[in-house]
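Residue-level structure breakdown
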Amino acid sequence: MFLFTFKNSYQVMVLAQIKPRLIILLLSASLFTFCSSCVNTKKAIYFNNIQDAELVVDDVPLEPLIRPNDLLNITVSSLNPEASEVFNKPSISQATYAGITPTTTQSTGYLVSQEGFIQFPILGNIKVEGLTKKALKDQLTKTLLDRKLLVDPVVDIRYLNFRVAVMGEVAHPTVVTVPSEKISLLEALALAGDLTIYARRDNVMLIRENNGKRIIKRIDLNSSSILTSPYYYLRSNDIVYVEPNKSRVASTGRATQWLPVVFSVLSFGIIAVDRINR
């Protein structure tokens, strides 16, 4: 009887020592998680310095120049549909992507070669690199008229590979295809599910290739200056990278280092309690 009482008393003493430690560990882990998730709300708000205003926007040429590897959709029509049909047979097909979800729609078009040419029916090799869509449209129209291939031809040209990539601290990193060939930075971020609470809104990186150069531009979404910036509208093949803030980096680093230790200690405590209760 004495031994039984002594054993039970010993268990009570051990449990009394272990339970407070477990509680402290759980509270510490909760406090750590709460503190690491704290973010400056001012930095999480778009355009926090803007008031009601009418902003003057400079006219920026949005039409890009045709480059190698561009995929063009060129359609030709005229008063004679049968004569026009021969000019509407593109050379390749390619799967397209719409929004953030890939589709299986097949898009056909003319792929610009590395030398800057496309192979157009009857007209043969045409140099298109460095031209705008309007310039190419005028050139094709003039050639068809000069060679008397069609009467009153109407040429329409569209990009099939106008897309931008959004990556980093957004809800859904993605490549966005833009059928309208016009998209703003804010629209691209919205299609990617918007920035997370851990994103740096004051230092969004835009990577753009132009005339053989790779341009890197830092954009502050906390400032209203983006609304009048020449980088407000994106161009084909632009890359938008959203950096994580210090809270995300710090919390990820601390969690990686301490979570295994916390779980190990908790596991040891649970095993110890289970062994004593047997």
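Our subject in this report is the structure included herewith. Please read all numbers here as calculations on a predicted model, not as lab measurements.

1. Looking at the environment of Asp146
Relative to the helices and strands, Asp146 is located in helix α3 (residues 133-146). There is a polar contact of 2.7 Å between the side chain of Asp146 and the side chain of Lys142.

2. Describing the pattern of salt bridges
Per the counting criterion, the structure on display carries nine salt bridges. It is possible to trace a salt-bridge network through shared partners that takes in Arg200, Asp202, Arg218 and Glu243.

3. As for the side chain of Ser184
Along the chain, Ser184 turns up in strand β9 (residues 183-184). Under the relative-accessibility criterion, Ser184 is labelled buried at 3%. What Ser184 contacts, discounting residues up to four positions off in sequence, is Tyr232, Tyr233 and Leu234.

4. Remarks on unusual backbone geometry
A positive phi is found at Lys148, a non-glycine position, where the angle reads about 55 degrees. Tracing the chain through its elements places Lys148 in the loop between α3 and β6 (154-159). For Lys148, a relative accessible area of 74% puts it in the exposed group. In the Ramachandran plot, Asn237 falls in the positive-phi region, its phi being about 70 degrees despite a non-glycine side chain. Overall, the relative accessible area of 32% leaves Asn237 in the partly exposed class.

5. Some thoughts on the packing of aromatic side chains
A ring pair, where both rings are aromatic, is described by two values, the distance of the centres and the angle of the planes. Scanning all chains against the criterion turns up three aromatic pairs. The interplanar angle of 20 degrees and the centroid separation of 6.1 Å between the aromatic rings of Phe87 and Phe120 together place this pair among those described as stacked. Within this pair, whereas Phe87 is found in the loop between α2 (81-85) and β2 (92-98), its partner Phe120 is found in strand β4 (residues 117-120), the two being separated by 33 residues in sequence. The pair formed by Phe87 and Phe120 is uniform in burial state, with each residue classed as buried. On the basis of an interplanar angle of 40 degrees and a centroid distance of 5.4 Å, the ring pair of Tyr110 and Phe120 is categorised as tilted. Of this pair, Tyr110 sits in strand β3 (residues 101-111) while Phe120 sits in strand β4, and the two are 10 residues apart along the sequence. Phe120 gets classed as buried once you look at its relative accessible area, which sits at 2%. Members of the aromatic cluster, each reached through a chain of ring pairs, are Phe87, Tyr110 and Phe120.

6. A closer look at α3
Between its first and last C-alpha, α3 extends 20 Å over 14 residues, near the 20 Å set by a 1.5 Å rise per residue. For α3, the set of buried residues is Lys133, Leu136, Leu140, Thr141 and Leu144. Axial view of α3: buried residues confined to an arc of 130 degrees, hence all on one face. More than 90 degrees from the buried face of α3, the exposed residues found are Lys134, Lys142 and Asp146.

7. Focus: the sheet that holds strand β10 (residues 204-210)
Ordered by their spatial adjacency, five strands build an open sheet running β8-β7-β13-β10-β11, and the pairing between neighbours is mixed. The two strands at the open ends of the sheet, each matched to only one other strand, are β8 (174-177) and β11 (213-219). In this sheet, neighbouring strand axes are inclined to one another by 20 degrees on average, regardless of whether the strands run parallel or antiparallel. Two elements, β10 and β11, share seven bridges in a ladder whose sense is antiparallel. By the bridge assignment, Ile207 is partnered in β11 with Ile216.

8. Some remarks on the nonpolar core
Judged by nonpolar contacts, the single largest core of 42 residues is most densely connected at Ile74, Phe120, Leu136 and Leu189. Looking at this core, the elements that each hand over two or more residues are β1 (71-77), β4, α3, β6, β7 (163-168), α4 (185-191), β10 and β13 (239-242). When sequence neighbours within four positions are dropped, the list of residues in contact with Ile74 reads Phe87, Asn88, Tyr110, Ile118, Phe120, Leu136, Leu140, Val155, Asp156 and Ile157.

About the thresholds
Residues numbered from 1 in each chain as written. Predicted model: local features only at pLDDT ≥ 70, side-chain atom pairs only at ≥ 80, totals over all residues. Heavy atoms only, no water. Helix = DSSP H or I, 4+ residues; strand = E, 2+ residues; numbered from the N terminus. Polar contact = N/O pair within 3.5 Å; in protein donor to acceptor, adjacent residues only side chain to side chain. Salt bridge = Lys/Arg side-chain N within 4 Å of Asp/Glu carboxyl O. Buried < 20%, exposed > 50% of the residue type's maximum accessible area, 1.4 Å probe, protein only. Contact = heavy atoms within 4.5 Å. Phe/Tyr/Trp six-rings, centres within 6.5 Å; stacked < 30°, edge-to-face > 60°. Expected span 1.5 Å × (residues − 1). Arc of directions from axis to C-beta. Pairing = 2+ DSSP bridges. Axes fitted to C-alpha atoms, helices over the stretch in contact; angles between N-to-C directions. Core = buried A, V, L, I, M, F, W, Y, C linked by side-chain atoms within 4.5 Å.

Taken by themselves, the reported measurements are silent on function.
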